[in-house]
Amino acid sequence: MGSPPQPEEGDIRFNGNDVELFNGTAWVPHEELPDDQTPPDMRGDDDGDDPDAHLPFTG
Amino acid sequence: MSTPAEPQPGAPDPDPVLADLRASVTDMRATARWMTAAAAAVGALVLAGGPLVVVKDLDDAGDVVTAAGGMLLAVVGVVWVVWRTGDVLAPRTATLDDLGSPELDGLRALIDRSPADFYGPTASTPAGLRRERRLRLTVAARLEALLAREDDPARARILTHEAAVARRNALLIQRLQHRLLAWVHAWHVRRSLRRARRDTLLASLLVLAGAVLYVTAPLDAKAEPTVVYVCGAAPAAPPKAVHLKEDPCVR
C-alpha cells in the first residue's frame, strides 16, 4: 500500500465543517485575510481639502 | 437556518491608495512640465534677445567670441534642464524586482518600518507576495471546482461561503501587488524629479554665467586709436575729436 500523495500548495480539504488549505508547509484554516493595511500617504492630501480654506486666524 | 447571501463577484471598488499614488505621479510630471516650459522660455530669450541686445556693440573679434561663448554656455544650461526634466516625463517600467535596486533604498526603508502595510498579513517580501497571490488564486479556483461538483446542500453552502472568502483574499493580495508596483513607479519618478531640480539649480548658474558673459562682451577696454598728423606749410587745425594742449605742428 503506497503512501498518500503529498499535498500541493493550494490544496483544499474539509476538517469537519471547516475548510483547510495547504500553504506549502502545513494545513491551515481557510480564513479571510484582514484588509486593514494603511500605507503612507504620498500625496499628502486630506480628502482634497484646500489647506487655505481653514486659516488659523480670522479677519 | 440559511446562510446570508454572499456578495456577488463584480467590479472591485476603486482603490484610493492606488489612485493617490497615480495622482502623485501626475503631480510630479506636471511640475516637470512647468520646469521644461520655464527652461524653454529662458532659451528663447537667450537666443532671440541676446543678439538683439549686444550685436550692435560688438566691435572686434574678441567681443564676438566672448558673446558667442556666453550664448553657448546659456544654451547648454537650458538644454541640460530640458534633458533632465524629460527624464521625469518619459514613460518607465516598474517591477517588484526593482525593490532590490540601490535607487529604491528610501522606499525599502519606508516599507521596513511597517511591512504589513505593504505586503499584507502573510508576506514580507516581493517574492512572498507573488507566492501568496498564486496560493490564493489556486485556492479560489479549487474551491470553485469543488463547489461545482458538490451535491450535498450543506457542504455546498459552506463551499459557497469559502469560495467568496477565497475570491476576496485573492483580490486583496492582487491589490497589494498593484499598490507596491505603483509605489515603485512613483518612487522612480520622485527620484527623477529630485535629480531634475538639483540639476536645474546648477544649470541656472551656467545660464546666468553665460548671460553675464555675452552682456559684458562689448564692455572690454578698447585701445586708443593712433592719430597721425601731417604738418603742412600752414598749421593744420586739429581733428575735432582731439583736444590738444598744444599744437603738434608748432616747432
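For clarity, every value in this text was computed on a predicted model and none was experimentally measured. (Residues numbered from 1 in each chain as written. Chains lettered and ligands numbered in written order. Predicted model: local features only at pLDDT ≥ 70, side-chain atom pairs only at ≥ 80, totals over all residues. Heavy atoms only, no water.)

A. How the structure looks around the side chain of E162(B). Note on placement: E162(B) falls in helix α6 (residues 153–215). Lacking a salt bridge, the buried E162(B) has R168(B) as its closest oppositely charged neighbour, with an N-O distance of 8.5 Å. Sequence-distant contacts of E162(B), defined by excluding residues within four places in its chain, comprise V19(A), H30(A) and L143(B). (Helix = DSSP H or I, 4+ residues; strand = E, 2+ residues; numbered from the N terminus. Buried < 20%, exposed > 50% of the residue type's maximum accessible area, 1.4 Å probe, protein only. Lys, Arg positive; Asp, Glu negative; His and termini not counted. Salt bridge = Lys/Arg side-chain N within 4 Å of Asp/Glu carboxyl O. Contact = heavy atoms within 4.5 Å.)

B. The arrangement of the nonpolar core in detail. Residue and element names in this part refer to chain B. Core analysis: the biggest nonpolar cluster contains 22 residues, and L99, L107, I111, Y119, L129, L180 and W183 have the highest contact counts within it. At the level of secondary structure, the elements contributing two or more residues to this core comprise α1 (16–54), α3 (105–113), α4 (116–119) and α6. If you tally residues by element for this core, the top one is α6, at 8 residues. In this view, Y119 contacts L99, I111, S124, T125, P126, L129, L176 and L180; residues no more than four positions away in its chain are not counted. (Core = buried A, V, L, I, M, F, W, Y, C linked by side-chain atoms within 4.5 Å.)

C. Just the packing of α1(B) against helix α2 (residues 61–89) of chain B, in detail. All names here are of chain B. Where α1 contacts α2, the axes come no closer than 9 Å and their chain directions differ by 165 degrees. Between α1 and α2, the interaxial angle falls into the category roughly antiparallel. Our pair here, α1 against α2, has a crossing hand that is left-handed. On the side of α1, the interface is formed by M28, R29, A32, R33, M35, T36, A39, V42, G43, V46, L47 and P51, while α2 contributes M71, A74, V75, V78, V81, V82, T85, V88 and L89. Considered class by class, the residues forming the contact of α1 with α2 number 16 nonpolar, 3 polar and 2 charged. (Axes fitted to C-alpha atoms, helices over the stretch in contact; angles between N-to-C directions. Parallel < 35°, antiparallel > 145°, perpendicular 65-115°, else oblique. Left-handed = near helix turned anticlockwise from the far one by under 90°. Nonpolar A, V, L, I, M, F, W, Y, C, P; charged D, E, K, R; others polar.)

D. Region of interest: the interface of chain A and chain B. Between chain A and chain B, the residue contacts involve 26 residues of the former and 40 residues of the latter. Of the roughly 2,800 Å² buried where chain A meets chain B, counting both sides, 62% is carbon and sulfur surface. Our count for the contact surface shared by chain A and chain B stands at 5 salt bridges. In this assembly, chain A and chain B are joined by 10 residue pairs in polar contact (both at pLDDT 80 or more). Within the residue set of the side of chain A that touches chain B, elements represented by two or more residues are β1 (12–15) and β2 (18–22) of chain A. Per-element accounting of the side of chain A that touches chain B gives the leading share, 3 residues, to β2(A). Grouping the amino acids of the side of chain A that touches chain B by side-chain chemistry returns 10 nonpolar, 7 polar and 9 charged. (Buried area = accessible area lost by both parts, 1.4 Å probe. Polar contact = N/O pair within 3.5 Å; in protein donor to acceptor, adjacent residues only side chain to side chain.)

E. Quick peek at the UniProt feature "transmembrane region" (unreviewed entry) in chain B. Feature annotation in UniProt assigns "transmembrane region" (unreviewed entry) to the following positions: residues 32–52, 64–83 and 200–217 of chain B. The span residues 32–52 of chain B shows a helical share of 100% and a strand share of 0%, and its end C-alpha atoms are spaced 30 Å apart. (UniProt positions renumbered as here; feature names shortened; annotations may be inferred.)

F. The arrangement of the environment of V54(B) in detail. All names here are of chain B. With respect to the helices and strands, the residue V54 is situated in helix α1. Residue classification places V54 among the buried residues on the basis of a relative accessible area of 5%. C-alpha of V54 to C-alpha of V64: the two residues are 10 residues apart in sequence and 9.6 Å apart in space. In this structure V54 touches Y214, V215 and P218, once residues within four positions along its chain are discounted.

G. Inspection of the sheet that holds β1(A) at higher detail. All names here are of chain A. Ordered by their spatial adjacency, 3 strands build an open sheet running β1-β2-β3, and the pairing between neighbours is antiparallel. Two strands bound the open sheet, and with one partner strand each, they are β1 and β3 (27–29). Across the sheet, the mean angle from the axis of one strand to that of its neighbour is 40 degrees, orientation sign disregarded. Bridge analysis of β1 against β2 gives 4 bridges, and the strand direction is antiparallel. Among the inter-strand pairings, N15 is bridged to a residue of β2, identified as D18. (Pairing = 2+ DSSP bridges.)

H. Region of the structure containing α1(B). Given a rise of 1.5 Å per residue, 39 residues ought to cover 57 Å, and the 56 Å separating the end C-alpha atoms of α1(B) matches this to within 8%. Approximately 30 degrees is the largest bend angle found in α1(B), and it occurs at A48(B), with the proline P51(B) only one to four residues beyond. (Expected span 1.5 Å × (residues − 1). Bend = angle between axes of the 7 residues up to and from the residue.)

I. View of the confidence of the model for chain A. Averaged over all residues, the pLDDT of chain A equals 77, while 68% of them reach at least 70. With pLDDT under 50 throughout, residues 46–51 of chain A is counted as low confidence; its partners more than four residues away or in other chains account for 0 contacts. (pLDDT = per-residue confidence, 0-100.)

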